[in-house]
Amino acid sequence: MLPSFLIVGAQRCGTTSLYRALEQHPLLLKPVLHKGVHYFDVGYERGMPWYQGHFPLRAGAALLGRRYGARALAFESSPYYLFHPLAGERIAADLPGVKLIVLVRDPVERACSAHAHELARGFETESHFERAVELEERRLAGAEELLRKEPFAVHHAHRHQAYLARGRYADQLDRLEPLFGRERILVLDSHLFFSRPKAVYDRVLDFLEVPRVGCPEFERHNGRALPRRVPPDLARALREHFAPYDARLARWLGGEPSWRQ
């Protein structure tokens, strides 16, 4: 099989929790080995046969389809797809008709969470969030240009240290819209997903045109405690920085983001 839909981001916005809820549905088929294949961002040189080999066989999907009276759909979740400058173009070319799901959260919280996550994994060496934010512009300078010039390159800072840039969700959605159209992109407020998971889950099933089968267990996965509180002055400055980007999310969410209400 090839995926009918992808969870493309954003990083540290609940993608793992949504993935774990969806994989419990008998008609939604996850990759055989990993949650995220990361083909369209850092593995594209491996080729489509390599990518397709990560998913279940069509014969098994056909059996499920007959059992439940609806088509089984394969999917994966790779949150770097949303941010990588070439991933959207590659997905649109190789998976015509695919649908995309994007989760967004308070970008200040997301940035703090991402820093703690990358620090714990060893991809960040600067232990102070404030300093990492100061370094970001210099670290990411020329990254998008390099990734477009050398399509199979991997840029460490772009992938692991883009704390503010990844939270400018509207820019990334605007890049996807002409490739997929609004009707094939579902943007979810992750704060609402965690507070009302069943309602958001049902909305995803409606978007995918999949019948409601079973009752999933909703759990929070891959959470990480922040090492320290963000200084109030920095938090205020970051909220001001993100304000115009958050305002542009309203048309995707159908209203003001929860963290701005």
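Residues numbered from 1 in each chain as written. Predicted model: local features only at pLDDT ≥ 70, side-chain atom pairs only at ≥ 80, totals over all residues. Heavy atoms only, no water.

A word on the overall build of the chain
Here's step 1: A count of helices and strands for the chain gives 14 helices and five strands.
Here's step 2: Computed over the C-alpha atoms, the radius of gyration of the chain is 18 Å, within 12% of the 18 Å expected from 2.2 N^0.38 for a compact globule of 261 residues.
Here's step 3: Here the C-alpha coordinates of the chain stretch approximately 60 × 40 × 35 Å along the principal axes.
Here's step 4: When the 261 residues of the chain are sorted by exposure, 54% land in the buried category.
Here's step 5: Considering only contacts within the chain whose residues lie at least 6 apart along the sequence, 76% involve residues at least 24 apart. (Helix = DSSP H or I, 4+ residues; strand = E, 2+ residues; numbered from the N terminus. Rg over C-alpha atoms; globule rule 2.2 N^0.38 Å. Buried < 20%, exposed > 50% of the residue type's maximum accessible area, 1.4 Å probe, protein only. Contact = heavy atoms within 4.5 Å.)

A short note on helix H13 (residues 232-248)
Here's step 1: Taking 1.5 Å of rise per residue, 17 residues should cover 24 Å, and H13 covers 25 Å from first to last C-alpha, within 8% of that figure.
Here's step 2: Considering bend angle alone, the principal kink of H13 is centred on Phe242 and spans about 45°; proline Pro244 follows within four residues of it.
Here's step 3: Turning to H13, its buried residues are Leu234, Ala235, Leu238, Phe242, Tyr245 and Asp246.
Here's step 4: Looking at the buried side of H13, the elements it contacts are helix H6 (107-121), helix H7 (129-140), helix H10 (169-180) and helix H14 (250-253). (Expected span 1.5 Å × (residues − 1). Bend = angle between axes of the 7 residues up to and from the residue.)

Description of the side chain of Ser77
Here's step 1: In this fold, Ser77 is placed in strand E3 (residues 73-77).
Here's step 2: Ignoring any residue separated from it by four or fewer positions in sequence, one finds Ser77 in contact with Ile7, Thr15, Tyr19, Lys35 and Gly36.

Some thoughts on the pairing of strand E1 (residues 3-9)
Here's step 1: Counting buried residues along E1, seven of its seven residues qualify, which places the element largely inside the surrounding structure.
Here's step 2: Bridging between E1 and E3 involves four bridges; their strand directions are parallel. Its bridge partner lying in E3, Ile7 is registered against Ser77.
Here's step 3: Both E1 and strand E4 (residues 99-104) contribute to a ladder of four bridges, which runs parallel. What sits directly across from Phe5, in E4, is Lys99. (Pairing = 2+ DSSP bridges.)

Regarding empty space enclosed by the protein
Here's step 1: Evaluation of the coordinates by the stated rule reveals two cavities of 30 Å³ or more.
Here's step 2: Space inside the second largest cavity adds up to approximately 30 Å³.
Here's step 3: Around the second largest cavity, the lining residues are Tyr81, Leu82, His84, Pro85, Gly88, Glu89, Arg175, Leu176 and Leu179.
Here's step 4: Those elements giving two or more residues to the lining of the second largest cavity turn out to be helix H5 (87-94) and H10. (1 Å grid on protein atoms, 1.4 Å probe; cavity = no way out; pocket = protein on both sides within 12 Å on 5 of 7 lines; lining within 4 Å. Points joined across faces, edges and corners; volume = space filled by probe spheres on them.)

Remarks on the pattern of salt bridges
Here's step 1: Going through the model one piece at a time under the given rule, you end up with 19 salt bridges.
Here's step 2: A salt bridge links Glu109 to Arg105, with the shortest nitrogen-to-oxygen separation between them at 3.4 Å.
Here's step 3: What emerges from the salt-bridge pattern is a single network uniting Asp171, Asp174, Glu177, Arg248 and Arg251. (Salt bridge = Lys/Arg side-chain N within 4 Å of Asp/Glu carboxyl O.)

Section: the UniProt feature "domain: Sulfotransferase" (unreviewed entry) in the chain
Here's step 1: UniProt's entry tags residues 4-211 with the feature "domain: Sulfotransferase" (unreviewed entry), counted in the numbering of this structure.
Here's step 2: With 50% helix and 12% strand, residues 4-211 has end C-alpha atoms that lie 15 Å from one another. (UniProt positions renumbered as here; feature names shortened; annotations may be inferred.)

Quick look at the environment of Ala153
Here's step 1: By the element assignment, Ala153 lies in the loop between helix H8 (143-149) and helix H9 (156-160).
Here's step 2: By relative accessible area, Ala153 is classed as buried at 17%.
Here's step 3: Remark: the alpha-carbon pair of Ala153 and Val42, spanning 111 residues in sequence, is separated by 7.6 Å.

A closer look at the packing of H5 against H10
Here's step 1: Here H5 crosses H10 at 15°, and the two axes come no closer than 10 Å. Considering their axes alone, H5 and H10 lie roughly parallel with respect to each other. Where H5 crosses over H10, the two elements pack in a sense that is right-handed. Every residue of H10 that contacts H5 at Gly88, Glu89, Ile91 and Ala92 is listed here: Leu176, Leu179 and Phe180.
Here's step 2: For the contact of H5 with H10, the residue count by class is five nonpolar, one polar and one charged. (Axes fitted to C-alpha atoms, helices over the stretch in contact; angles between N-to-C directions. Parallel < 35°, antiparallel > 145°, perpendicular 65-115°, else oblique. Left-handed = near helix turned anticlockwise from the far one by under 90°. Nonpolar A, V, L, I, M, F, W, Y, C, P; charged D, E, K, R; others polar.)

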